[in-house]
Amino acid sequence: MGVLNISDLIPGMVLEEDVVTDKETMLLPKGIELTERHLEIMKTWGVNEASVEGVSRAEVVWEKMGRIGEEDRAKIMAEVEMLFSGFEDDEVMNEIARVVTKIKIDRALSSNTH
Amino acid sequence: MDNAQLKKAVFNVNDLPVLPAIYEKIACMTQNPSTTAKDLARVIADDIALTTKLLKLVNSPFYAFPRSVGTIPQAIVIIGYSALRNLVLTKSAFDLFPKFYGADNFEYFSFWKHSVGCGVGAKIIAKHCEYREIEEMFVSGLLHDVGKVVQEQFLRGKFSEAISFAYKSNIPILEAENDVMGFCHTDTGNLVAEKWNLPSVIVEPIRYHHKPRYADKYRLQVSMVHLANVLSHALQLGSSGQKVLTGIDRFAWETLGLSLSCIEEIMKKMLNEFDDAVNFIMN
């Protein structure tokens, strides 16, 4: 379904493509279910992304969105929309907007728990 | 507008700030292969503030040296000649301008924070691109908007008008400058950088960070500063006087050859390193 950044991968996700290093060395075959150990192996080899079944980059953020309150959510969405309006068709700007959204959600989550 | 026109029309080039003599001296000495660390240390030692900065830098976690470094020659050997030259440039350029107060709609502190954000970003991007001269990228990012501070100092009224216009019309400051003044901060920055005799690898990012495809010899470095600038804005690290983002240039993105997944890593590292870098530069 989509390529996810390593920080968004969690044990239990299923690989949709083989994971290879930048030197084309095979690390993990497609179809296996990720474990903590697999994630460690990927980090050790400097692999920073993998394609997994059933979840996309954007969905990771939507899932996180669900964990914050209505008010925070509206505020974050308005801020990001204002900052990034006009760049909807640009994949690099979209990824930057996604990361900014994620960072803002994480801040809201940590200020709520403190 | 080219430099000759700009000089004639706007600035009296003799009025533009000059870098302290120590920069030229260190720049010259570090080019000379027979210069020793001890020779450089003698020059640095005369400047107490610079000595403190050097020792702070070399003892920072970034260099991760196993024991504390207390002498100037040792510190110079560890960071290397080119990082030393860039440190002196950072401090020299920074000392020329105010740190806190400007015209009503230009806040220096916020402006410098944006610049430090861009410097940190450029350094981190350089590491991702396996480009070795990371201190050079830091100083290029830090100085990318130096034209704005020169305009703030020397063309107060007009520049202030351009900032208000950018805010009111929701456009990038560069467009507002061109409308109001007929030139922009990259032209001014280029003029100052030339007067300061900075190396082209630092001048080109100052001149072309908004139009990387026009860069001459240093497209990679210009592209790194271009991306760092957008990321510093997107992360809202300080402010450079505009509220809208400028986009990523396709040419720059292709020149860098990074994968989309790198962006998150780069941005997170920028946030982690930002506060320390602000403290290092501003104190």
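As a reminder, the structure under discussion sits directly above these lines.
Keep in mind the model is a prediction, meaning the values are calculated, not measured. Counting restarts for each chain: residues are numbered from 1 in the order of the written sequence. Key to labels: chains lettered from A, ligands numbered from 1, both in the order written. With pLDDT at 70 or above as the cut-off, local features in this predicted model cover only qualifying residues; side-chain atom pairs require 80 or more to be listed or tallied, and sums for whole chains, interfaces and linings still use all residues. Only hydrogens and water are removed before side-chain values are computed, so all heavy atoms of the structure are retained for them.

Brief notes about the overall build of chain B
Thought 1: Here a helix means four or more residues in a row that DSSP labels H or I, a strand means two or more in a row labelled E, and each is numbered from the N terminus. Along its length, chain B carries 16 helices and zero strands.
Thought 2: Only the C-alpha atoms count toward the radius of gyration. The rule for a globule is 2.2 Å times the residue count to the power 0.38. Relative to its length of 283 residues, chain B is compact, with a C-alpha radius of gyration of 18 Å against a globular reference of 19 Å.
Thought 3: Taken over the C-alpha atoms alone, chain B extends approximately 55 × 45 × 35 Å along its principal axes.
Thought 4: Only protein chains enter the accessibility calculation, which uses a 1.4 Å probe. A residue is then buried if its area is under 20% of the maximum for its type, exposed if over 50%, and partly exposed in between. Within chain B, the proportion of its 283 residues that are buried is 57%.
Thought 5: In this analysis, two residues are considered to be in contact whenever any of their non-hydrogen atoms come within 4.5 Å of each other. Put simply, 67% of the contacts in chain B that link residues at least 6 apart link residues at least 24 apart.

A short note on empty space enclosed by the protein
Residues and elements named next belong to chain B.
Thought 1: Only protein atoms enter the 1 Å grid used here. Points where a 1.4 Å probe fits but cannot escape make up a cavity, open sets with protein on both sides within 12 Å along at least five of seven lines make up a pocket, and a residue lines them when an atom lies within 4 Å of a point. Grid points are joined across faces, edges and corners, and a volume is the space filled by probe spheres set on the points. Using the criterion set out here, one finds one cavity of 30 Å³ or more in the structure.
Thought 2: Approximately 50 Å³ is the volume found for the largest cavity.
Thought 3: Taken together, Asp145, Lys148, Ile173, His185, His210, Asn229, His233, Ser240, Gln242 and Thr246 form the lining of the largest cavity.
Thought 4: For this classification, the nonpolar set comprises Ala, Val, Leu, Ile, Met, Phe, Trp, Tyr, Cys and Pro, the charged set comprises Asp, Glu, Lys and Arg, and every other residue, Gly included, is treated as polar. Looking at side-chain class alone, the lining of the largest cavity contains one nonpolar, seven polar and two charged residues.

Remarks on the interface of chain A and chain B
Thought 1: Facing the 23 residues of chain A at the interface are 22 residues of chain B.
Thought 2: Buried area is a sum: the accessible area each of two parts loses on coming together, probed at 1.4 Å, counted once for each and added. Buried area between chain A and chain B, both sides added, is near 1,900 Å², and the carbon and sulfur share of it is 63%.
Thought 3: It is Leu83(A), Val92(A) and Ile96(A) that lose the most area in chain A upon contact with chain B, and together they represent 28% of the buried surface on that side.
Thought 4: Any Lys or Arg side-chain nitrogen located within 4 Å of an Asp or Glu carboxyl oxygen qualifies as a salt bridge. In this structure, the connection of chain A to chain B is made through two salt bridges.
Thought 5: Arg98(A) is paired through a salt bridge with Glu264(B); the nearest N and O atoms lie 3.1 Å apart.
Thought 6: What qualifies as a polar contact is a pair of N or O atoms within 3.5 Å, subject to a donor-acceptor requirement within protein and to the restriction that residues adjacent in sequence count only when both atoms come from side chains. Linking chain A to chain B there are nine residue pairs in polar contact (both at pLDDT 80 or more).
Thought 7: Residue assignment for the side of chain A that touches chain B shows that the elements contributing at least two residues are strand E1 (2–5), helix H3 (70–84) and helix H4 (91–113) of chain A.

Observations concerning H3(A)
All names here are of chain A.
Thought 1: Given the number of residues in a helix, its expected span is that number minus one, multiplied by 1.5 Å. Between its first and last C-alpha atoms H3 spans 21 Å; for 15 residues at 1.5 Å apiece the expected length is 21 Å, and the two agree.
Thought 2: Listing the buried residues of H3 in full gives Ile76, Val80, Leu83 and Phe84. Here the buried residues of H3 occupy an arc of 80° about the axis, which is enough to place them on one side. Of the exposed residues in H3, those oriented more than 90 degrees away from the buried face are Glu70, Glu71, Lys75, Glu81 and Met82.
Thought 3: Two residues or fewer past H3, Gly86 is found with a positive phi of approximately 100°. Note: the arc covers the axis-to-C-beta directions of the helix.

Some thoughts on the nonpolar core
In a soluble, globular protein the nonpolar side chains are often hidden away together inside.
Thought 1: In this description, a nonpolar core means a group of buried Ala, Val, Leu, Ile, Met, Phe, Trp, Tyr and Cys residues linked to one another through side-chain atoms lying within 4.5 Å. Judged by nonpolar contacts, the single largest core of 115 residues is most densely connected at Phe84(A), Ile96(A), Ile44(B), Leu54(B), Ile76(B), Ile125(B) and Leu198(B).
Thought 2: Looking at this core, the element that brings in the most residues is helix H16 (residues 260–282) of chain B, giving 11 residues.
Thought 3: Setting aside anything within four residues of it in sequence, one finds Leu198(B) in contact with Leu19(B), Tyr23(B), Leu89(B), Ala193(B), Val203(B) and Ile206(B).
Thought 4: With 16 residues, the next largest nonpolar core counts Leu4(A), Met13(A), Val19(A) and Val52(A) among its residues.

A closer look at the environment of Phe109(B)
Residues and elements named next belong to chain B.
Thought 1: As for its placement among the helices and strands, Phe109 is situated in helix H7 (residues 108–128).
Thought 2: On a C-alpha basis, the gap between Phe109 and Val77 in space is 33 Å, while along the polypeptide they are 32 residues apart.
Thought 3: Setting aside residues no more than four positions away along its own chain, Phe109 makes contact with Lys99, Phe100 and Met282.

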